[in-house]
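Understanding the architecture of this molecule
Below, each chain spelled out in residue letters.
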Amino acid sequence: MPDLGALFSPRSVAVIGASPDATIIRGRTLKVLLQHGFAGRIYPVSRSHAVVQGLPAFPSVADLPECPDLALLVIPAASVADELERCGAAGVKAALVLASGFAEDASASGPAMQTKVRDIARKYGMAVCGPNSEGFANLPARLCPTFSPVIEEAQGSLTGEKASGRIAVVSQSGGIGFAFFDRGRPRRIPFSHVITTGNEAALECFDVVEYLLDEQSADVFVLFLETIRNAETFRRVAAKALAAGKPIVAVKIGASEAGRRAAASHTAALVGAAEVYRAMFRRYGITEATDIEQVLDIAAVFAACRDRLPRGKRVGIVTASGGAGGWLADACSAAGLEVPELDAPTRKNIDAHIPSYGTSQNPVDCTAQAVRQLGYSGLASLVADSERVDSVIVVTSARSSETFERDRENLARLARKSSKPVVLWSYSQPAEASVRIAAEAGLPLLVNLQNCAKAVAALAQY
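A short tour of the structure in this document, coming up. Small disclaimer: the values here were computed from a predicted structure and weren't measured. (Residues numbered from 1 in each chain as written. Predicted model: local features only at pLDDT ≥ 70, side-chain atom pairs only at ≥ 80, totals over all residues. Heavy atoms only, no water.)

Looking now at the overall build of the chain. Scanning the chain for helices and strands turns up 18 helices and 18 strands. On C-alpha atoms alone, the chain measures out to a radius of gyration of 25 Å, which is about the 23 Å that the 2.2 N^0.38 rule sets for 462 residues. Along the first, second and third principal axes, the C-alpha atoms of the chain reach 80 × 45 × 35 Å. Burial status across the chain gives 56% buried among its 462 residues. Once local pairs closer than 6 in sequence are excluded, the contacts in the chain between residues at least 24 apart make up 74%. As displayed, the chain has an accessible area near 18400 Å², and 49% of this comes from carbon and sulfur atoms. For the chain, the separation between the mean place of its 48 positive charges and that of its 47 negative charges on side chains is 3 Å. (Helix = DSSP H or I, 4+ residues; strand = E, 2+ residues; numbered from the N terminus. Rg over C-alpha atoms; globule rule 2.2 N^0.38 Å. Buried < 20%, exposed > 50% of the residue type's maximum accessible area, 1.4 Å probe, protein only. Contact = heavy atoms within 4.5 Å. Areas by Shrake-Rupley, 256 points an atom, 1.4 Å probe, with all protein chains shown as cover. Lys, Arg positive; Asp, Glu negative; His and termini not counted. Charge placed at Lys NZ, Arg CZ, Asp CG, Glu CD.)

Another point: the sheet that holds strand E8 (residues 136-138). Spatial strand order, E8-E10-E9-E11-E12-E13: 6 strands in an open sheet with mixed pairing. Of all the strands in the sheet, the pair left with one neighbour each is E8 and strand E13 (287-288). As paired elements, strand E9 (residues 167-171) and strand E11 (residues 220-225) share 5 bridges and run parallel to each other. Residue pairing across strands places Val169 opposite Val222, the latter belonging to E11. Sheet strands touched by helix H7 (residues 205-214): E9, strand E10 (191-196) and E11. Its angle to E11, the strand with the most contacts, is close to 170°. (Pairing = 2+ DSSP bridges. Axes fitted to C-alpha atoms, helices over the stretch in contact; angles between N-to-C directions.)

Taken as a whole, this structure holds 28 salt bridges when the rule is applied. The closest approach of N and O atoms between Glu85 and Lys123, which form a salt bridge, is 3.0 Å. Taken together, the residues Glu85 in helix H3 (residues 77-90) and Lys123 in helix H4 (residues 109-124) connect sequence positions 38 residues apart. Its relative accessible area of 27% is what places Glu85 among the partly exposed residues. Between Asp214 and Lys240 there is a salt bridge, with the nearest N and O atoms lying 3.1 Å from each other. Residue Asp214 is found in helix H7, and its partner Lys240 is found in helix H8 (residues 231-243); the two are separated by 26 residues along the sequence. (Salt bridge = Lys/Arg side-chain N within 4 Å of Asp/Glu carboxyl O.)

Structure below.
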């Protein structure tokens, strides 16, 4: 296996084809690489300019003051093979190819050019990502060799407040890969990497997953797959992830004829039978999801609760809204979970804190009065003590952050000390402060009813 560390954690990067014009991809890619504070050395390579975006430029890789770890090729497809050959001869260990027009191109030249890329990568033992990639982001290293507008427009910290529960996105689609980050960031979901693999001429998705596993760079993996190119690699890496307790949440397209055509024209993927993939996923504990928000919800719950997996499918529900609690109970049952009546000792403890018009049976309708007195954290702790539940879902209206502000320290203590997973579901749109407090506490806050139930069911299944 080539040195993927040179690809994803380089000390120096050469941007081949760099342009001073930040409105085109060749210039925008360098701009994004520069703007997030990468600590390594960056060398523009340009035959037309002596200075590019404030940096001295060099006419070729051979003219650089050092051999870079990573060569970022932002040049037309027809020039890629020759430039990759020059990089290999110069000793460059890794390359990222952003150009399109290879095996996904219907013309005869595209597949032939992709074969050349693969052969050169093998000849020099280079770690080559792409072609037809949108690049990647190593977020802790602030290394973002990509032209994605998601990363270009990102302000402030790229990793969020929490260092634990890191989620790595590995996607065969560039746009979708960065969309996961874009939609998850306002929710303060902690990401470590977004890596888009494109046509996978040399490195495939599960090669990348294995590298991140071995480096212990992520705790949860989100995958967007058009195909699995090597079944042996898949089996080895999926088994390794399962043994390490690193959950994988995957979207696999191509169940329809139209989806199969789209995959073939997008990254030249050969899409197999959907039922075969589902069987493989079940065998290795991979959770399959169906849309972006569901992926993020399940991944967020895994990130927060991966070290306290439930022993079974029994759920305790705490709510101040009887209607919302009943609706969630129906969703849990539909997802294959159980909502059992609580045991007498637990009910006695809860009854001491709720008015007579509440109920402790499960769902526990505690009323707003009890929430005011004990907070969501105190009520969740009482339910979690029951021997009849394996996980707890707290139903809340997070629209006002007042209750979360008041309960901040106890919510964090609940997340640290509970031996059972605790998930929050807000039936109203949460305030930004509520999202921040829940994230800082280490509790996943979801807004989609069905996804909440599916995510807790995924924990139990895993």
